[in-house]
Amino acid sequence: MARRRTPRALALLPALALAAAAAGCAEPTTSGTGEGGVALIEPGFLTTCTHLPYEPFQFPQGPEIVGFDVDLVDLVARDLGVEQKIVDAPFDEGIQSGESLNTGQCDVAAAAMTITEERQQNMDFSEPYFDATQALLVKPDSGITDFEQLRGKKLGVQVGTTGFEYAEENKEKFGYEIIVFDDLALQTTAVKTGQIDAAINDNGVLLNFAKQNPDTRVTTEFPTGDQYGIGVRTGNTALLEQVNETLRKAKESGEYDAIYEKWFGTKPQ
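Here's a quick rundown of the structure. (Residues numbered from 1 in each chain as written. Predicted model: local features only at pLDDT ≥ 70, side-chain atom pairs only at ≥ 80, totals over all residues. Heavy atoms only, no water.)

1. A short note on the sheet that holds strand β3 (residues 45-50)
Taken in spatial order, the 5 strands make up an open sheet running β6-β3-β7-β14-β8, and their pairing is mixed. Of all the strands in the sheet, the pair left with one neighbour each is β6 (83-88) and β8 (124-125). The pairing of β8 with strand β14 (residues 231-232) spans 2 bridges and is antiparallel. Bridged to Phe-125 within β14 is Gly-231. (Pairing = 2+ DSSP bridges. Helix = DSSP H or I, 4+ residues; strand = E, 2+ residues; numbered from the N terminus.)

2. Overview of the pairing of β3
Burial analysis of β3 places 6 of its 6 residues in the buried class, which makes it a mostly covered element. By the alternation rule, side chains of β3 split into Phe-45, Thr-47 and Cys-49 and Leu-46, Thr-48 and Thr-50, which are all buried. Relative to strand β7 (residues 108-109), β3 runs parallel, the two being bridged by 2 bridges. Note on β7: the bridge partner recorded for Thr-48 is Val-108. (Buried < 20%, exposed > 50% of the residue type's maximum accessible area, 1.4 Å probe, protein only.)

3. Section: helix α3 (residues 68-80)
Spacing of three or four residues puts side chains on the same side of an α-helix, whose turn is 3.6 residues. For α3, which comprises 13 residues, the first-to-last C-alpha distance of 19 Å matches the rise-based estimate of 18 Å (1.5 Å per residue) to within 8%. Judged by how many residues are buried, α3 sits mostly within the fold: 12 of 13 residues are covered. Those residues of α3 lying buried are Phe-68, Asp-69, Val-70, Asp-71, Leu-72, Val-73, Asp-74, Leu-75, Val-76, Ala-77, Asp-79 and Leu-80. Taken from the residues just after α3, Gly-81 is the one with a positive phi, measuring 75°. (Expected span 1.5 Å × (residues − 1).)

4. Re the packing of α3 against helix α11 (residues 255-264)
Each pair of packed helices gets described by two things: the angle between the helix axes and the distance between those axes. In the contact formed by α3 and α11, the axes pass within 9 Å of each other and the chain directions differ by 155°. Here α11 runs roughly antiparallel to α3, going by the angle between their axes. Relative to α11, α3 is oriented so that their crossing is right-handed. On α11, the residues touching Phe-68, Asp-71, Leu-72, Leu-75 and Arg-78 of α3 are Glu-255, Tyr-256, Ile-259, Tyr-260, Lys-262, Trp-263 and Phe-264. Residues of the contact of α3 with α11, tallied by class, amount to 8 nonpolar, no polar and 4 charged. (Axes fitted to C-alpha atoms, helices over the stretch in contact; angles between N-to-C directions. Parallel < 35°, antiparallel > 145°, perpendicular 65-115°, else oblique. Left-handed = near helix turned anticlockwise from the far one by under 90°. Contact = heavy atoms within 4.5 Å. Nonpolar A, V, L, I, M, F, W, Y, C, P; charged D, E, K, R; others polar.)

5. A closer look at the sheet that holds strand β13 (residues 217-228)
Pairing between sheet strands relies on hydrogen bonds along the backbone, with the strands arranged either parallel or antiparallel. Strands sit in the order β11-β10-β12-β9-β13 across an open sheet of 5 strands; the sheet is mixed. Two strands close off the open sheet at either side, each with one partner strand: β11 (177-181) and β13. Within this sheet the neighbouring strands show an average axis-to-axis angle of 25°, counted without direction. Taken together, the 4 bridges between strand β9 (residues 130-138) and strand β12 (residues 198-202) define a ladder with antiparallel strand orientation. Within the sheet, the bridge partner assigned to Leu-137 lies in β12 and is Ala-199. Helix α8 (residues 184-192) rests against β9, β10 (154-158), β11 and β12 of the sheet, and its axis sits at about 145° to β12.

6. Overview of the packing of aromatic side chains
Summed over the entire model, instances satisfying the criterion amount to 22 aromatic pairs. Measuring from centroid to centroid gives 4.9 Å for Phe-147 and Phe-222, while their planes differ by 55°, and the two rings are tilted. Here the residue Phe-147 occupies a position in the loop between β9 and β10, and Phe-222 occupies one in strand β13, the gap between them amounting to 75 residues. Note on Phe-222: relative accessible area 8%, which makes it buried. What links up through ring pairs into an aromatic cluster is the set Tyr-54, Phe-57, Phe-68, Tyr-129, Phe-130, Tyr-228, Tyr-256, Tyr-260 and Phe-264. (Phe/Tyr/Trp six-rings, centres within 6.5 Å; stacked < 30°, edge-to-face > 60°.)

7. A closer look at helix α9 (residues 203-212)
In terms of burial, α9 is a largely internal element, 7 of the 10 residues being buried. Along α9, the residues that are buried comprise Asn-203, Gly-204, Val-205, Leu-206, Asn-208, Phe-209 and Ala-210. Close packing links the buried residues of α9 with β9, α8, β12 and β13.

Right, dumping it as structure tokens:
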């Protein structure tokens, strides 16, 4: 099992990452290598940028960071003969913009991140490893089953996500107010406390939250064709090939199915 930083240590890293970017650290450094000569930013470690919490993909559990994405990247680290180290980075400005990779904060970005054309301009993506849709989280007695019932109401979104984009695209048609949150925990808590009428985000995280919080429920899913990918710095072909090779082997060996069932309670369809 790979070594991981504690939540307390992780909380300090976003500020450090932004400070490095502001200082003009444009070129990443490579001070170590994994198996096959793959360049890594720190000897002995595959450093992963993610954004916490996003359960069950990555989230603090006691002194460790755990989750579906964490377990998958552990397989890549294992194949490289190193350990995984996790950096908690801002999703919008750091991860999806490519800054966390370009400034040498991490080797890979694994944050339940949908592959989009815009993001592909900022980084290279692995082959898709997870299919997702958008979903709507509400209180059980809200009467909200679709966007039609959101007219005049408050819809919570997480900044930088595809759910945010989907909500913006449909705002004029359905007449709701968008309330923006920095992370998933703030967004889902706002539904529980009645600060907002509904929240839109990826189905995996919202279904997981509703399972743990019976005073909320997912009433509908929107088939958007989202697929997650692991990001690497543009042009980092050696590492990208290793990530793809690890994902391929994991699916062939059954390791992927076992990790999926561990976190979602069922095998992938």
